[in-house]
Amino acid sequence: FQLYGYCYQDSNDIPDTLTTITELGSPLEMIQLLQTSWEDRFRICLSLVRLLHYLAHSPLGSVTLLDFRPRQFVIVDGELKVTDLDDASIEESSCTSNSDCFMEFPARNFTLPCSVEGRCQSMNEKRNLYNAYRFFFTYLLPHSAPSSLRPLLDKIVNATGNRNKHGKAKDFLFYPSPSVNSEFTQKCVKSANSKYRRVPEAFIPDENYRCWPSYHHKGCLLSVFDVSEAIEICDSYSQCKAFVLTNQTTWTGRQLVFFKMASNHIMPDPDKITYVKVTD
């Protein structure tokens, strides 16, 4: 979280008080997040992974968030950031045997090894990761994900919920974050059976229909890797008779495309390309 300033106050009325001024974020509402595009939710998960990595390797040591729930986070420019650090702790639990390193959650319990130094190994990191799994990953990652990525995402979600694979899952999530485009956009698409007529420098201003998820609340605006994927999507909607490639892209570099239910009125537009389904 970006810190802009702070003030330490020590008086008789308010002793030992630290006031901070931080960047402004939007409260995290899970229902609203589930209505956004998968790319936006994937971006939030990636920012959460970066936070998990930092907490595990902070200058203070491994930090755990004892109150790891959505209400403790905000969204800033599409990124997830923690806003309440009152319940942060750097203390690793002491132990004399493995039974002392018991972690209890509503749906699953774990027992971690007790180190020779008398500390539960990686308990702070494991607690953060499992809470991220049960509050975020399990909802945000698989829901309406691209079909070609679902096996990969299932593997990630299952691993984050499995104590024996926690470290591997965290590394797997963190590794592709700088180049998510290579994993997300290089997907195989089926060859289209329908034929489409290409109309360069053209746009269909009307003829909208709604689809979900969409980047436009009054139309069907989705992201694609290439024309082949746009054709595949259009073929999957019975009402789709044309689509328009825009010059806009998402944060992963995928191109935004308007899908239309007719092509009766085509307007000139130098920044767009229209594809019209050819009927027999």
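None of these values were measured; they are calculated from a predicted model. (Residues numbered from 1 in each chain as written. Predicted model: local features only at pLDDT ≥ 70, side-chain atom pairs only at ≥ 80, totals over all residues. Heavy atoms only, no water.)

Caption draft 1: Seen up close, the packing of helix α2 (residues 38-56) against helix α3 (residues 123-140). In contact at an axis separation of 11 Å, α2 and α3 are set at 175° when each is read in the N-to-C sense. With respect to α3, the axis of α2 lies roughly antiparallel. When α2 is examined against α3, the residues Trp38, Arg41, Ile44, Cys45, Leu48, Val49, Leu52, Leu55 and Ala56 are found in contact with a partner set consisting of Glu125, Asn128, Leu129, Ala132, Phe136, Phe137 and Leu140. The residue makeup of the contact of α2 with α3, split by class, is 13 nonpolar, one polar and two charged. (Axes fitted to C-alpha atoms, helices over the stretch in contact; angles between N-to-C directions. Helix = DSSP H or I, 4+ residues; strand = E, 2+ residues; numbered from the N terminus. Parallel < 35°, antiparallel > 145°, perpendicular 65-115°, else oblique. Contact = heavy atoms within 4.5 Å. Nonpolar A, V, L, I, M, F, W, Y, C, P; charged D, E, K, R; others polar.)

Caption draft 2: Geometry of the pairing of strand β14 (residues 267-277). Of the pairings in the sheet, the one linking strand β10 (residues 196-203) to β14 comprises seven bridges and is antiparallel in character. Considered in β14, the bridge of Ala202 is made with Pro268. Pairing of strand β12 (residues 242-249) with β14, which is carried by four bridges, proceeds in the antiparallel orientation. Within β14, the position partnered with Val244 by the bridge is Thr274. (Pairing = 2+ DSSP bridges.)

Caption draft 3: Spotlight on the pattern of salt bridges. Going through the model one piece at a time under the given rule, you end up with seven salt bridges. A salt bridge links Arg69 to Asp67, with the nearest nitrogen and oxygen atoms 2.6 Å apart. A relative accessible area of 33% places Arg69 in the partly exposed class. When the shortest N-O distance is used, the salt bridge between Lys277 and Asp235 registers 3.7 Å. (Salt bridge = Lys/Arg side-chain N within 4 Å of Asp/Glu carboxyl O. Buried < 20%, exposed > 50% of the residue type's maximum accessible area, 1.4 Å probe, protein only.)

Caption draft 4: Representation of the pairing of strand β11 (residues 220-224) in the model. Within β11, five of the five residues are buried, which leaves it mostly tucked inside the rest of the structure. Along β11, one buried face is formed by Cys220, Leu222 and Val224 and the opposite face, lined by Leu221 and Ser223, is buried too. Direction of pairing for β11 relative to strand β13 (residues 255-260): antiparallel, over a ladder of five bridges. Directly across from Leu221, in β13, lies its bridge partner Phe258.

Caption draft 5: Local environment of the confidence of the model for the protein chain. Per-chain confidence: the protein chain averages 81 in pLDDT, with 86% of residues scoring 70 or above. When mean pLDDT is taken per element in the protein chain, β13 scores highest with 94 and helix α6 (residues 180-184) scores lowest with 45. Taken together, the stretch residues 174-193 has pLDDT below 50 and engages in 36 contacts with residues farther than four places along the chain or on a different chain. (pLDDT = per-residue confidence, 0-100.)

Caption draft 6: Fine view of the sheet that holds β11. Overall, antiparallel pairing links the five strands, which are arranged β10-β14-β12-β13-β11 in an open sheet. Looking at the sheet topology across the chains shown, the edges are occupied by β10 and β11. Along the sheet, successive strands turn relative to each other by an average axial angle of 30°, direction set aside.

Caption draft 7: View of α3. Between its first and last C-alpha, α3 extends 24 Å over 18 residues, near the 26 Å set by a 1.5 Å rise per residue. Its maximal kink placed at Tyr133, α3 deviates by approximately 50°. Counted residue by residue, α3 has 14 buried out of 18 residues, so it is predominantly covered. (Expected span 1.5 Å × (residues − 1). Bend = angle between axes of the 7 residues up to and from the residue.)

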